[in-house]
Amino acid sequence: MPKGVRRRRTGGPRRRTDSQVSGSHPDQRDPQLLGSQLERLVAERGWELELRVRGVFARWPELVGEEVGAHCTPEAFTDGKLTVRTDSTAWATQLKLLAPALVRRLNEELGHGTVTLIDIVGPHLPRGVGGRRRTRDSRGPRDTYG
């Protein structure tokens, strides 16, 4: 090639004519705020209800009251059914009486119709299955007489 003659570039980066061109206005390729991106991710994945329910689990004593919250804990939420475990059978009975008000309060927090049923479960108790004088078909400690 002779000296002083410029070579013409044929294959290099070309200007984009589609919507990916960034100008002075923000677009998706610009840095985004973390909060807005988390909101977008939650909305895309459909995690809104799950996060609200977990928020209720975290604030349980605040929502049901300190005294009630000290004796029961939410365990699971599936298809509108909230399972709550109590630490005694007396508190299970008390919570069954409070269930309609509790459903109302939770639906105010989560949205109307989210919680349809509260399943109240008593404490985990050990089974009376052993003993030296136990017979195979006995009913346990109730099988004393007759």
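Residues numbered from 1 in each chain as written. Predicted model: local features only at pLDDT ≥ 70, side-chain atom pairs only at ≥ 80, totals over all residues. Heavy atoms only, no water.

- The name that an unreviewed UniProt entry assigns to the protein is DUF721 domain-containing protein, with the source organism given as Nocardioides flavescens.

1. Some remarks on unusual backbone geometry
- The phi torsion at Asp-79 lies on the positive side, around 50°, for a residue other than glycine.
- Considering the arrangement of structural elements, one finds Asp-79 in the loop between β1 (72-78) and β2 (81-86). (Helix = DSSP H or I, 4+ residues; strand = E, 2+ residues; numbered from the N terminus.)

2. Quick word on the sheet that holds β2
- Spatially, the three strands line up as an open sheet ordered β1-β2-β3, and their pairing is mixed. Edge positions in the open sheet fall to β1 and β3 (117-121), since each of these has one partner strand only. Across the sheet, the mean angle from the axis of one strand to that of its neighbour is 25°, orientation sign disregarded.
- Here six bridges tie β1 to β2, and the two strands are oriented antiparallel to one another. The partner of Pro-74 across the bridge, within β2, is Val-84.
- Packed onto the sheet, helix α2 (residues 48-58) meets β1 and β2 and runs at close to 170° relative to β1.
- Contacts between helix α5 (residues 89-110) and the sheet are confined to β1, β2 and β3, with β3 contributing the most and set at about 155° to the helix. (Pairing = 2+ DSSP bridges. Axes fitted to C-alpha atoms, helices over the stretch in contact; angles between N-to-C directions. Contact = heavy atoms within 4.5 Å.)

3. A word on the pairing of β2
- In terms of burial, β2 is a largely internal element, five of the six residues being buried.
- Following β1, the chain reverses through two residues before pairing antiparallel with β2; Asp-79 in that reversal takes a positive phi of roughly 50°.
- Two strands pair when backbone bridges link them, and β2 and β3 are joined in this way by five bridges, in the parallel orientation. By the bridge assignment for β3, Thr-83 is matched with Asp-119.
- Handedness of the β2-α5-β3 crossover: right-handed. (Buried < 20%, exposed > 50% of the residue type's maximum accessible area, 1.4 Å probe, protein only. Right-handed = clockwise from strand over helix to strand, strands pointing away.)

4. Brief notes about the packing of α2 against α5
- Relative to each other, α2 and α5 sit at 130°, their axes nearing to 10 Å. The angle between the axes of α2 and α5 places the two elements in the oblique class. When the axes of α2 and α5 are compared, the crossing they make is right-handed. Contacts between α2 and α5 involve Arg-52, Val-53 and Val-56 from the first element and Leu-106, Glu-109 and Leu-110 from the second.
- Looking at the contact of α2 with α5, its residues break down into four nonpolar, no polar and two charged. (Parallel < 35°, antiparallel > 145°, perpendicular 65-115°, else oblique. Left-handed = near helix turned anticlockwise from the far one by under 90°. Nonpolar A, V, L, I, M, F, W, Y, C, P; charged D, E, K, R; others polar.)

5. Section: the pattern of salt bridges
- Inspection of the entire model under this criterion finds eight salt bridges.
- The salt bridge partner of Arg-59 is Glu-109, with a shortest N-O separation of 2.4 Å. Of this pair, Arg-59 sits in the loop between α2 and α3 (60-64) while Glu-109 is found in helix α5, placing the two residues 50 residues apart along the sequence.
- With a relative accessible area of 30%, Glu-109 lands in the partly exposed category.
- Arg-85 is paired through a salt bridge with Glu-75; the nearest N and O atoms lie 2.8 Å apart. One end of the pair, Arg-85, is in strand β2; the other, Glu-75, is in strand β1, with ten residues separating them in the sequence.
- Within the structure, one salt-bridge network assembled from shared partners comprises Arg-59, Glu-62, Arg-105, Glu-108 and Glu-109. (Salt bridge = Lys/Arg side-chain N within 4 Å of Asp/Glu carboxyl O.)

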